[in-house]
Amino acid sequence: MSEVELTEQLDQAIEAMLSNSQASPAPVDQQVAELLSLAAELRDLPSAEFKNRLQNELGREIAMSATAESIRSEEQSARSKTGGGVRTVTPYVVVSDVHREIAFIKEVFGAEGRLYGLGSQGGFHSEYRIGDSMLMIGGGGKGSKWKGTPVPVVLHAYVPDVDGVYQRAMQAGAISLMPPMDMEYGERGAGIEDTGGNHWYLATATGPNYIPEGVPNLMAYFHPVGAPKMIEFLKQAFGAEEVAVHRSPDGIVQHAKVRLGDSIVEMGEAHGPWQPKPMHFMMQVDDCDVTYARAMTTEGAISVGAPANQPYGGRSGTIQDPFGNTWYLSSQTKKKEDETAPSRRTTMATSKLFRVALQVADLAQASAFYAKLLDDPGIPIARGSRHYFNCGPVILALVDVAKGAGEKPQPTPDYIYFAVNNLEEVFARAKALDCLASDRYHDQNAGEILKRPWGEVSFYCEDPWGNGLCFVDEKTLFTGK
């Protein structure tokens, strides 16, 4: 029998078997009979029990898949509301070894995130979530040529078990700032310095939740010299709102919470070992240009970089506040560059004076002298024997060359000129410091408030190290125009 005939006979036999399982099979060729016997064994498979079990399992898988999809949808929705942990204000930690810092926060806090590789300055950039808050970490480490200066931060972190986190931090190489203890305000707290020099104030709140209601689990903590002035700056520059301010009987701000968008920052007046530590922040805003312009009208703000479209998307500008903190203002929308405006290359080529250094021999004495004269405590700089005073867009830097370099201070060869709107008050402070100039200048008494031949109303004085200073009524400035 041919192969075609055998195939047709097999097809007919199988069709007859399937249509009537009880009928006796018709006579067929022996080869077809063997195959038909095998088909009869397979006819009843799968069994009814198997079919029912398969149907039930498939039903459970469908239900589980729907539940998982629902959970993913809820998680994505939550992340979209918080930006995956990115809030209005995100601390930006700059460390010498990014890999070591990441290892520390993963081991101690269970942080999750990723390292994005090297940036334009040769340093790493990474973003890690601790709880529901984001922390950006940049700097050097193995595989990087970054040679910048670390900028550590101070953070207040709420954790489920402060004792356990403290112990893990100690085992990971941290330095203890304060062992775990019960606080009078209803929390259990501790303090550590991590391997990158960052300070962490750890806390577990008592009550139904380890995080107090209304605050995130991670907040920046400032120790400014002049906390009221810093609060006022944040309010004027960024529209911040006071949440709580606790003062001592003599008016010192011991603790304050300030809201910036959906973020909270905290602060307490610098004292003892808790001294200023200028930090960097990424600040998400609706309109970078509007926020930048508002900040720059606030007293003490210094422009680090005007708003510009960025190659990675969005638009950003940078300012420094009077306390040395740097704020990177970022919005998601690019703006069309004004074709009539000067090119960015021309703008960047324009030099801007931003710091003037005066040599002194005793930084503590010099800081106290200028704090009284300028009515501003200034900002002590931890790295180096320096103390900064923000004078509008220009920093007056006191440099203790005797301590730092072992040299004798060299006074500036000419006067440093200050424009003020309260000349009489400054004159009174200079007189109280007994620093008014005693010589004559352009045949006039330099140490008196007089109208000078070029039209300015001013007086001259001299600091204890021979640096000449001149204060001018800002309404009478001569600018050569």
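Everything numeric here is computed off the predicted structure, so don't read it as measured data. (Residues numbered from 1 in each chain as written. Predicted model: local features only at pLDDT ≥ 70, side-chain atom pairs only at ≥ 80, totals over all residues. Heavy atoms only, no water.)

## Some details on the packing of helix α4 (residues 98–109) against helix α5 (residues 162–171)
Phase 1 of the analysis: Relative orientation of the contacting elements α4 and α5 amounts to 145 degrees, with a least axis distance of 8 Å. When the axes of α4 and α5 are compared, the crossing they make is right-handed. Here α4 contributes Phe104, Glu107, Val108 and Phe109 to the contact with α5, which in turn contributes Val165, Arg168 and Ala169.
Phase 2 of the analysis: Residues that form the contact of α4 with α5 fall into these classes: 5 nonpolar, no polar and 2 charged. (Axes fitted to C-alpha atoms, helices over the stretch in contact; angles between N-to-C directions. Helix = DSSP H or I, 4+ residues; strand = E, 2+ residues; numbered from the N terminus. Left-handed = near helix turned anticlockwise from the far one by under 90°. Contact = heavy atoms within 4.5 Å. Nonpolar A, V, L, I, M, F, W, Y, C, P; charged D, E, K, R; others polar.)

## Some remarks on the environment of Gly196
Phase 1 of the analysis: For Gly196, the position within the fold is in the loop between β7 (187–193) and β8 (199–205).
Phase 2 of the analysis: Look at Gly196 and you get partly exposed, because its relative accessible area is 22%.
Phase 3 of the analysis: Separated by 44 residues in the primary sequence, Gly196 and Pro152 have C-alpha atoms spaced 7.1 Å apart.
Phase 4 of the analysis: Not counting residues up to four positions away in its chain, the partners in contact with Gly196 are Val95, Glu101 and Pro152. (Buried < 20%, exposed > 50% of the residue type's maximum accessible area, 1.4 Å probe, protein only.)

## Digging into the packing of aromatic side chains
Phase 1 of the analysis: Per the counting criterion, the structure on display carries 15 aromatic pairs.
Phase 2 of the analysis: Residues Tyr415 and Tyr417 carry aromatic rings whose centres are separated by 6.5 Å and whose planes lie at 65 degrees to one another, so their mutual orientation is edge-to-face.
Phase 3 of the analysis: The exposure class of Tyr417 is partly exposed, given its relative accessible area of 40%.
Phase 4 of the analysis: Note on Tyr415 and Tyr460: the rings are 4.7 Å apart at their centroids and 70 degrees apart in plane angle, and the pair reads as edge-to-face. Here Tyr460 lies in strand β25 (residues 457–462) and Tyr415 lies in the loop between α10 (401–404) and β21 (416–420), a separation of 45 residues in the sequence.
Phase 5 of the analysis: Look at Tyr460 and you get buried, because its relative accessible area is 0%.
Phase 6 of the analysis: Members of the aromatic cluster, each reached through a chain of ring pairs, are Phe222, Phe233, Phe238, Phe281 and Trp327. (Phe/Tyr/Trp six-rings, centres within 6.5 Å; stacked < 30°, edge-to-face > 60°.)

## Comments concerning unusual backbone geometry
Phase 1 of the analysis: Even without a glycine there, the phi angle at Asp375 is positive, about 55 degrees.
Phase 2 of the analysis: As for its placement among the helices and strands, Asp375 is situated in the loop between α9 (363–374) and β18 (379–381).
Phase 3 of the analysis: Here Asp375 falls in the exposed class, since its relative accessible area comes to 52%.
Phase 4 of the analysis: Located in the positive-phi region is Asp434, a residue other than glycine, with phi close to 55 degrees.
Phase 5 of the analysis: Take Asp434: it is sitting in the loop between α11 (423–432) and β22 (440–441).
Phase 6 of the analysis: Exposure remark for Asp434: the relative accessible area of 71% places this residue in the exposed category.

## With respect to the pattern of salt bridges
Phase 1 of the analysis: Within this structure, the stated rule accounts for 10 salt bridges.
Phase 2 of the analysis: Among the salt bridges present, the one from Asp289 reaches Arg315, with a minimum N-O distance of 2.6 Å. Of this pair, Asp289 sits in helix α7 (residues 288–296) while Arg315 sits in strand β15 (residues 315–320), placing them 26 residues apart in sequence.
Phase 3 of the analysis: Asp289 gets classed as partly exposed once you look at its relative accessible area, which sits at 22%. (Salt bridge = Lys/Arg side-chain N within 4 Å of Asp/Glu carboxyl O.)

## Some thoughts on α5
Phase 1 of the analysis: Every buried residue of α5 is listed here: Val162, Gly164, Val165, Tyr166 and Ala169.
Phase 2 of the analysis: The elements touched by buried residues of α5 are α4, β6 (175–182), β7 and β8.
Phase 3 of the analysis: Backbone geometry just after α5 places Gly173 at a positive phi near 105 degrees.

## Examining the environment of Gln236
Phase 1 of the analysis: Among the secondary structure elements, Gln236 is positioned in helix α6 (residues 227–238).
Phase 2 of the analysis: Judged by its relative accessible area of 40%, Gln236 falls in the partly exposed class.
Phase 3 of the analysis: Those residues in contact with Gln236 that sit more than four places away from it in its chain are Arg294 and Thr298.

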